Amino acid sequence: MDFSRPDNARRINRLKVLSELRKGTCSKAELSRRLDINKVSIGEICDKMIKEGLIEETGREQTAQGRPGTLLSINSKAGRVFSIEEGRKAFSVAVSDLHGRILRYERLPKGESFQDDIQKLIRKMSAGDAVIYGAAIASDYNTRIELPFPSVCISRAEAEAEAEVARLGDLESFLFISWSDTIAATIRKNGMMIPLPDLPHIRAQRDGDCSCGGKGCLEAVSSGQVILSRTGADSYRTLFGNREYHEMIKVMLRPMAAALSEAAQALSASSVIITGRMAAMPDAMYAYLQTLVSSLLPPGRENMIIYRSSAGENGAREGAALKALDTFFYNTELLLRLKAIENLSVPFQNGI
Ligand SMILES: [Zn+2]
């Protein structure tokens, strides 16, 4: 993209305003200051977006001196994105507003007519005249899903981790363990999610055949699917709801503790967040896992905390909705790339 062309520059300034307002309400004067764009241009951009219904005026700011400015905010109702979550046995379709708040979702068993069911739910949830900007599919199955608008795919682990960051803040150096039927991991470094495909295949036990061909991998001994089949519980709800299973689960927490302590040290993780279906395990299981991990960590690191997901079962849906918004509405990647270019060009401007 040629950033010097006026229409591209305008488009980028619009995106900058939207991404600033995504963080919270702001006046035109403040936008001009934060974005380093002159007041006249900010005024033009904002007036146009107010006319288009993308942003709206929401009260006046509190100032100690001078004339208080009108606060602007994103009109969350001006558009929608979809998020589709595909699991092993079920799937869900959700529709969200421009803040990523889920307005409606439905979860159904994944049967023969899975693709048709998705289309039906989308038609049902598309009712009304709000613009649909796109969708994100959180899945680990590489299923091709045809949609009537642009879409992007994301792993469940990444979607769940993004949902935690949106709820809790930056979470730099946090290790995210997506623990459902399968295990996946990501770590957040410098504001980016880095997938860790090797973590599920850390050798955590002597025996147990893994799909990767290895033996005793974490995935082969502690995945949700393995825990369900070894205990004989028919669902995660049954697994956690019946005390008779708890001792058996504890045995399968040991390989997880070994893998977590090893990974946390190798990656200098500050804390761990468990996401996915296993995140719903009872407090006593967390306490047990925490004790095991602390006992395996070297002195000085034994205080690393293992947190339960704050988004819970909604994590993949929420994270996918954010991914759809980032990609198709706020265009965060373009802004990040632009920022990187701007940072690079600073020394040249200084004549170095
Ligand atoms: Zn393996």
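Thresholds applied
- Residue indices begin from 1 for each chain and proceed along its sequence in written order.
- The predicted origin of the model limits local features to residues at a pLDDT of at least 70 and limits the giving and counting of side-chain atom pairs to 80 or more, whereas totals for whole chains, interfaces and linings rest on all residues.
- Counting from the N terminus, the helices are DSSP H or I runs at least four residues long and the strands are E runs at least two residues long.
- Once C-beta atoms are placed from the backbone, each residue is buried if 20 or more other C-beta atoms lie within 10 Å of its own, exposed if 12 or fewer, and partly exposed for counts between those two.
- Where each domain starts and ends comes from a domain assignment, either automatic or drawn from a database.
- What makes two strands pair is DSSP finding at least two bridges between them.
- Where helices are involved, their axes are fitted lines through C-alpha atoms of the stretch in contact, as for all axes, and angles between N-to-C directions lie from 0 to 180°.
- Placing C-beta atoms from the backbone, we regard two residues as in contact once those atoms come within 7 Å.
- What sets the label is the angle itself: under 35 degrees gives roughly parallel, over 145 gives roughly antiparallel, 65 to 115 gives roughly perpendicular, and the rest give oblique.
- Handedness of a crossing follows from how the near helix is turned relative to the far one, being left-handed for an anticlockwise turn of less than a right angle and right-handed for a clockwise one.
- Residue classes follow a fixed rule: Ala, Val, Leu, Ile, Met, Phe, Trp, Tyr, Cys and Pro count as nonpolar, while Asp, Glu, Lys and Arg count as charged, and any other residue, Gly among them, counts as polar.
- Expected span, for any helix, means 1.5 Å times one less than how many residues it has.

### Regarding the overall build of the chain
Inference 1: The helix and strand tally for the chain stands at 12 helices and 13 strands.
Inference 2: Seen through its principal axes, the chain has C-alpha atoms that stretch 70 × 55 × 40 Å.
Inference 3: Here the chain holds 352 residues, and the buried ones make up 34% of them.

### What to know about the domain arrangement of the chain
Inference 1: Here the chain is described as being made up of domain 1 (6-74), domain 2 (78-155 + 315-328) and domain 3 (159-314).
Inference 2: On a C-alpha basis, the centres of domain 1 and domain 2 stand 30 Å from each other.

### Side note on the sheet that holds strand β12 (residues 271-275)
Inference 1: Reading across the sheet, the 5 strands line up as β11-β10-β9-β12-β13 and stay open at both edges, with mixed pairing between neighbours. Of all strands in the sheet, those with a lone pairing partner are β11 (192-195) and β13 (306-308), marking the two edges. Going across the sheet, the axis of each strand differs from the next one's by a mean of 25°, ignoring polarity.
Inference 2: Note: β12 against β13, 3 bridges, orientation parallel. Looking at the pairing, Ile-274 lines up with Arg-308 of β13.
Inference 3: Taken strand by strand, helix α5 (residues 156-168) contacts β9 (174-179), β10 (183-189), β11 and β12, and its axis lies near 45° from that of β10.

### Digging into unusual backbone geometry
Inference 1: You will see that Asp-36, though not glycine, has its phi angle at about 55°, which is positive.
Inference 2: Position of Asp-36 relative to the elements: it lies in the loop between α2 (28-35) and α3 (39-52).
Inference 3: Of the residues examined, Asp-36 has 7 C-beta atoms within 10 Å and is grouped as exposed.
Inference 4: Phi angles above zero are rare outside glycine, and Leu-171 is one such case at about 55°.
Inference 5: With respect to the helices and strands, the residue Leu-171 is situated in the loop between α5 and β9.
Inference 6: For Leu-171, a count of 20 C-beta atoms within 10 Å translates into the label buried.

### Topic: the packing of α5 against helix α11 (residues 315-328)
Inference 1: Between α5 and α11, the least distance of the axes is 7 Å, while the angle of their chain directions is 85°. The orientation of α5 with respect to α11, classified from their angle, is roughly perpendicular. Contacts between α5 and α11 involve Arg-156, Glu-158, Ala-159, Glu-160, Ala-161, Glu-162, Ala-163 and Ala-166 from the first element and Gly-315, Ala-316, Glu-318, Gly-319, Ala-320, Leu-322 and Lys-323 from the second.

### Overview of the pairing of β11
Inference 1: Strand direction decides the pairing type here: β10 and β11, joined by 4 bridges, are antiparallel. Its bridge partner being in β11, Arg-188 is matched across the sheet by Met-193.
Inference 2: The turn linking β10 back onto β11 is made up of 2 residues, and Asn-190 within it adopts a positive phi angle of 50°.

### Quick word on the packing of α2 against α3
Inference 1: At a minimum axis distance of 9 Å, the contact between α2 and α3 shows a crossing angle of 120°. Comparing the axis directions of α2 and α3 gives the class oblique. In this structure, α2 meets α3 at a crossing whose hand is right-handed. Between α2, through Lys-28, Ala-29, Leu-31 and Ser-32, and α3, the contact on the second element is made entirely by Lys-39, Ile-42, Gly-43 and Cys-46.
Inference 2: Of the residues assigned to the contact of α2 with α3, the class counts are 4 nonpolar, 2 polar and 2 charged.

### Here we look at the sheet that holds strand β3 (residues 70-74)
Inference 1: A sheet is described by the order of its strands in space; here 3 strands give the open sequence β1-β3-β2, paired in antiparallel fashion. With partners counted over all chains shown, the strands left at the sheet margins are β1 (26-27) and β2 (55-60), one partner each.
Inference 2: Here 4 bridges tie β2 to β3, and the two strands are oriented antiparallel to one another. Across the sheet, the residue bridging to Ile-55 is Ile-74, located in β3.

### Some remarks on the environment of Arg-123
Inference 1: With respect to the secondary-structure elements, Arg-123 resides in helix α4 (residues 114-125).
Inference 2: Exposure remark for Arg-123: the 10 C-beta atoms within 10 Å place this residue in the exposed category.
Inference 3: Spatially, the C-alpha atoms of Arg-123 and Pro-148 are 9.6 Å apart, while their sequence positions differ by 25 residues.

### Digging into α3
Inference 1: If you check α3, its first and last C-alpha atoms are 20 Å apart, about what 14 residues at 1.5 Å a residue would give, namely 20 Å.
Inference 2: At the C-terminal side of α3, Gly-53 shows a positive phi close to 85°.

### A word on the environment of Pro-200
Inference 1: Looking at where Pro-200 falls in the secondary structure, it is placed in the loop between β11 and α6 (218-222).
Inference 2: Of the residues examined, Pro-200 has 25 C-beta atoms within 10 Å and is grouped as buried.
Inference 3: Along the primary structure Pro-200 and Cys-217 are separated by 17 residues, whereas in three dimensions their C-alpha atoms are 6.6 Å apart.
Inference 4: When sequence neighbours within four positions are dropped, the list of residues in contact with Pro-200 reads Ile-183, Ala-184, Ala-185, Cys-217, Leu-218 and Glu-219.

### Things to note about the environment of Met-281
Inference 1: Mapping Met-281 onto the fold places it in the loop between β12 and α10 (283-296).
Inference 2: Note on Met-281: 21 C-beta atoms within 10 Å, which makes it buried.
Inference 3: Sequence separation of Met-281 and Asn-331 is 50 residues, and the distance between their C-alpha atoms is 36 Å.
Inference 4: Sequence-distant contacts of Met-281, defined by excluding residues within four places in its chain, comprise Phe-240, Ile-249 and Tyr-286.

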